[in-house]
Amino acid sequence: SNAWSCGGTADCCRTSKRLTPLSKMTALALDDIQGMILGGFNTDFQTMAALTLVDPDRLADALTWLAGLAPTITSVTMVKQTRDAIKDAAVADPPYWLGVAVGKRVVEGLRDLFIRDAAFNGGMVARGPSILGDHSDAATWTLGAINDPVDIFLIIGANDRAAAEAGADQAVANAKASGLRLSYRETGVRLPGEREHFGFRDGISQPKVAGFDPGGVLGAGNFVFGYPAKAGGSPVLPVIDHRSLAPNGSLLVVRRLRQDVTAFHNFCSSEAKRIAGLWPGLTGDHLAALIVGRWPSGAPVRMGVTQDPGGDPPSDEFDFREDPDASHCPFAAHIRKVNPRAGARDEVDVPRLLRRGLPFGLPEEEDHGLLFLAFQSSIPDQFEKLTRKWMNGAISPNPGNDLLVGRSLSERTMNIIGPAGPIAISDGGKQWIEPTGGAYLFAPGKGALARFGDSPTVSPLYGVQRFIAQNLDRAAAMLSSAIGRH
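**Q** Before we go on, may I ask you to explain the overall build of the chain in this structure?
**A** A count of helical and extended segments in the chain gives 12 helices and 13 strands. Reported as C-alpha extents along the three principal axes, the dimensions of the chain are approximately 70 × 55 × 45 Å. Per-residue burial over the chain gives 55% buried out of 486 residues. Total accessible area computed for the chain in this model is approximately 20700 Å², and 54% of it derives from carbon and sulfur atoms.

Now the structure itself:
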């Protein structure tokens, strides 16, 4: 499932002797992997800060600052050990957790690490229109605008807003002394009932990682470099890495998505009235649930259930094997479009993401939406595939458009199954979500981050290896695109 990975064993991807032999990297290095990746922060408040390098000649200072930041980065082990403490509202000095990711310019500045990921190297601004279907003006983005590239991204999580803000204040102040400027800052806030602004319970269906989550079945290599994606497979390490900087790292997608809540619910109400003759009694709330595939409580939609049945925690123990005709959940419902589970689909592999986002803005504020964060080991094969082929597509993994988050320059349609049969729903060219920023980033392991300030491993082979890898990847991308067109 990782098209750019040769398993780390070919000559072009061999690393230095400092790298732990891949055959021995079985147990997850929870002391080294950042806590925001596995398990996630899941705090009530998360302050996000983007830093941009002012003077390229001061990159060495920024790398030194990043290396010094390593001891304060929160690992998975630290999250597990302090989860109870961070939830304690009575503690005198509320703690916070810290995570960091870096952009392409920082990775290039290391001079001996090349991540073989076309999306990471191309950037979200360049790939947005063609791959993601984004046509907002990237020059006006709130996060990651053309003139404000995200070189370093900080995530400070706490259950006390003042603690999160104070942690961000300290980190940003130190960063400015190292030649970086603050280009974006915002605090996401968990809404009551863990819902997003459209009113639906979020974050229910997360992949279970083998070796970490109880009952986990997905290999850690789907999300973290240096581990197999499937049992018995080679560790995923699509890099040229002369200092062992990639293992235990992950690729992060950040998206700032503004939501037009009023427009979405007005659409659902008007559409329900329009098709009242075909489905007597259908309400706008019921239609919204059919578009999502779940009721606001998180309960999956079922035939004959016309109101939210509630339930806490919401059920995630279901699939679509008993719904082959989409009589319960529409083929194009959001949850079925991004994860067809064990139901019918046109592809074998289902890309999964570790989603770590949360809402921004208050419901009464005009600018509110979702800070989408997702970790994976291949952005083209995971996030971009889900976006381009599934959410934005009208064919895969099943027919119909994802009216909730899918993007298209043309009208989007989906079918719902009413009492008398299929009913076509069209968005009329409207969209409820507007991208207002984002970036593709690399979240290194703590040990690797601590070596960012060291001198690179000088090797005449690095340039040759990188050149070969770039051309191989370019050829593979062209071949994949040609096959897709046919």
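**Q** Even after reading the chapter, I still don't get the packing of aromatic side chains, so can you show me in this structure?
**A** We describe a pair of aromatic rings using the distance from one ring centre to the other and the angle between the two ring planes. Within this structure, the stated rule accounts for 8 aromatic pairs. Here the aromatic rings of Phe383 and Tyr440 are separated by 6.4 Å at their centres, their planes lie at 75°, and the arrangement is edge-to-face. Remark: Tyr440 occurs in strand E13 (residues 433-443) and Phe383 occurs in helix H10 (residues 383-391); sequence separation between them is 57 residues. Judged by its relative accessible area of 4%, Tyr440 is buried. By way of ring pairs, the aromatic residues Phe198, Phe264, Phe267 and Trp432 are connected into one cluster. For the cation-ring pair, Arg256 lies above Phe360, with the distance from its terminal atom to the ring centre recorded as 4.0 Å. Sitting over the ring of Phe318, Arg341 keeps its end group 4.1 Å from the ring centre.

**Q** I'm lost on the packing of helix H7 (residues 261-274) against helix H8 (residues 284-292) in this one. Help?
**A** When two helices pack together, their arrangement is given by the angle between their axes and by how far apart the axes lie. Remark: H7 packs on H8, axes separated minimally by 8 Å, with the N-to-C direction vectors making an angle of 110°. With respect to their mutual orientation, H7 and H8 come out roughly perpendicular. Remark: the crossing between H7 and H8 carries right-handed chirality. Residue-level contacts link Phe264, Phe267, Cys268, Ser269, Glu271 and Ala272 of H7 to Gly284, Leu287, Ala288 and Ile291 of H8. Here the contact of H7 with H8 is built from residues that sort into 7 nonpolar, 2 polar and 1 charged.

**Q** Would you explain a nonpolar patch on the surface in this entry?
**A** Taken together, the side chains of Val464, Phe467, Ile468 and Leu472 make up a nonpolar region of the molecular surface, amounting to roughly 380 Å² of accessible area. Structurally, Phe467 can be placed in helix H12 (residues 460-485). Relative accessible area serves as the criterion here: at 55%, Phe467 is assigned to the exposed category.

**Q** Is there a simple way to explain helix H2 (residues 76-87) in this structure?
**A** The α-helix winds at 3.6 residues per turn, so residues separated by three or four positions along the chain end up facing the same way. Its 12 residues give H2 an end-to-end C-alpha distance of 16 Å, which sits within 8% of 16 Å, the value for a rise of 1.5 Å per residue. Here H2 has its buried residues at Val76, Thr77, Val79, Arg83 and Ile86.

**Q** Is there a simple way to think about unusual backbone geometry in this case?
**A** Comment: phi is negative for the bulk of residues other than glycine, and the bulk of peptide bonds are trans. Residues Asp312 and Pro313 are joined by a peptide bond in cis, for which omega reads 0°. Its place among the elements puts Pro313 in the loop between H8 and helix H9 (334-338). Ser396 connects to Pro397 through a cis peptide bond whose omega is -10°. Residues other than glycine seldom take positive phi values, yet Asn248 does so here, at roughly 75°. By secondary structure assignment, the location of Asn248 is in the loop between strand E6 (239-241) and strand E7 (250-259).

**Q** Would you explain the side chain of His286 in this entry?
**A** Tracing the chain through its elements places His286 in helix H8. If we ignore the near neighbours within four places in the chain, the residues touching His286 are Trp279, Trp295, Val305 and Thr306.

**Q** What am I meant to see in the packing of helix H5 (residues 124-132) against H10 here?
**A** Close contact between H5 and H10 brings their axes to 10 Å; oriented N to C, the two are set at 40°. Between H5 and H10, the angle falls in the class oblique. Of the residues in H10, those in contact with Arg127, Ser130, Ile131 and Leu132 of H5 are Phe383, Glu384, Thr387 and Arg388. By residue class, the composition of the contact of H5 with H10 is 3 nonpolar, 2 polar and 3 charged.

**Q** Explain the state of the cysteines to me, please; I cannot follow it from the model alone.
**A** Evaluation of the coordinates by the stated rule reveals 0 disulfides. Not part of a disulfide, Cys268 finds its nearest cysteine sulfur in Cys329, a span of 15 Å.

**Q** What am I meant to see in H5 here?
**A** Among the residues of H5, those classed as buried are Met124, Arg127, Gly128, Ile131 and Leu132. For H5, the buried positions fall inside an angular range of 130° around the axis, keeping them on one side. Exposed and oriented more than 90 degrees from the buried face of H5 are Ala126 and Ser130. Looking at the buried side of H5, the elements it contacts are helix H4 (118-122), E7, H10 and E13. Looking one or two places after H5, you find Gly133, whose phi comes out positive at around 75°.

**Q** What's the story with the side chain of Thr52 in this structure? I'm lost.
**A** With respect to the secondary-structure elements, Thr52 resides in strand E1 (residues 45-53). Accessibility expressed as a relative area gives 2% for Thr52, which makes it buried. Looking at Thr52, its side chain comes within polar contact range of the side chain of Ser183, at 2.9 Å. Other than its neighbours up to four places away in sequence, Thr52 contacts Arg105, Asp148, Pro149, Asp151, Gly179, Leu180, Arg181 and Ser183.

**Q** I keep staring at the nonpolar core and nothing clicks. Help me out?
**A** The biggest cluster of nonpolar side chains holds 99 residues, and the ones touching the most others in it are Leu66, Ile152, Leu154 and Ile416. No other element matches the 7 residues that helix H1 (residues 59-69) contributes to this core. Look past the residues within four positions of Leu154 in its chain and what remains in contact with it is Thr47, Met48, Ala49, Leu51, Trp65, Leu69, Leu98, Gly99, Val100 and Ala171. Core analysis: the second largest hydrophobic core is formed by 35 residues, Leu28, Leu38, Phe153 and Leu354 among them.

**Q** Help me understand the pairing of E1, please; the structure alone is not making it clear to me.
**A** The side chains of a regular strand alternate, residue by residue, between the two faces of the sheet. For E1, a buried count of 9 out of 9 residues is recorded, marking the element as mostly surrounded by other parts of the structure. Across the two faces of E1 the burial is the same, with Phe45, Thr47, Ala49, Leu51 and Leu53 and Gln46, Met48, Ala50 and Thr52 all buried. Two strands pair when backbone bridges link them, and E1 and strand E4 (residues 152-158) are joined in this way by 7 bridges, in the antiparallel orientation. Of the residues in E4, the one forming a bridge with Met48 is Ile155. Here 9 bridges tie E1 to strand E5 (residues 180-189), and the two strands are oriented antiparallel to one another. Across the sheet, Thr47 pairs through a bridge with Thr187, a residue of E5.

Here is what the cut-offs are and how they apply
Residues numbered from 1 in each chain as written. Predicted model: local features only at pLDDT ≥ 70, side-chain atom pairs only at ≥ 80, totals over all residues. Heavy atoms only, no water. Helix = DSSP H or I, 4+ residues; strand = E, 2+ residues; numbered from the N terminus. Buried < 20%, exposed > 50% of the residue type's maximum accessible area, 1.4 Å probe, protein only. Areas by Shrake-Rupley, 256 points an atom, 1.4 Å probe, with all protein chains shown as cover. Phe/Tyr/Trp six-rings, centres within 6.5 Å; stacked < 30°, edge-to-face > 60°. Lys NZ or Arg CZ within 6 Å of the ring centre and 35° of its normal. Axes fitted to C-alpha atoms, helices over the stretch in contact; angles between N-to-C directions. Parallel < 35°, antiparallel > 145°, perpendicular 65-115°, else oblique. Left-handed = near helix turned anticlockwise from the far one by under 90°. Contact = heavy atoms within 4.5 Å. Nonpolar A, V, L, I, M, F, W, Y, C, P; charged D, E, K, R; others polar. Patch = residues over 30% accessible without salt bridge, like charges linked within 9 Å, V, L, I, M, F, W, Y side chains within 5 Å. Salt bridge = Lys/Arg side-chain N within 4 Å of Asp/Glu carboxyl O. Expected span 1.5 Å × (residues − 1). Disulfide = S-S within 2.5 Å. Arc of directions from axis to C-beta. Polar contact = N/O pair within 3.5 Å; in protein donor to acceptor, adjacent residues only side chain to side chain. Core = buried A, V, L, I, M, F, W, Y, C linked by side-chain atoms within 4.5 Å. Pairing = 2+ DSSP bridges.

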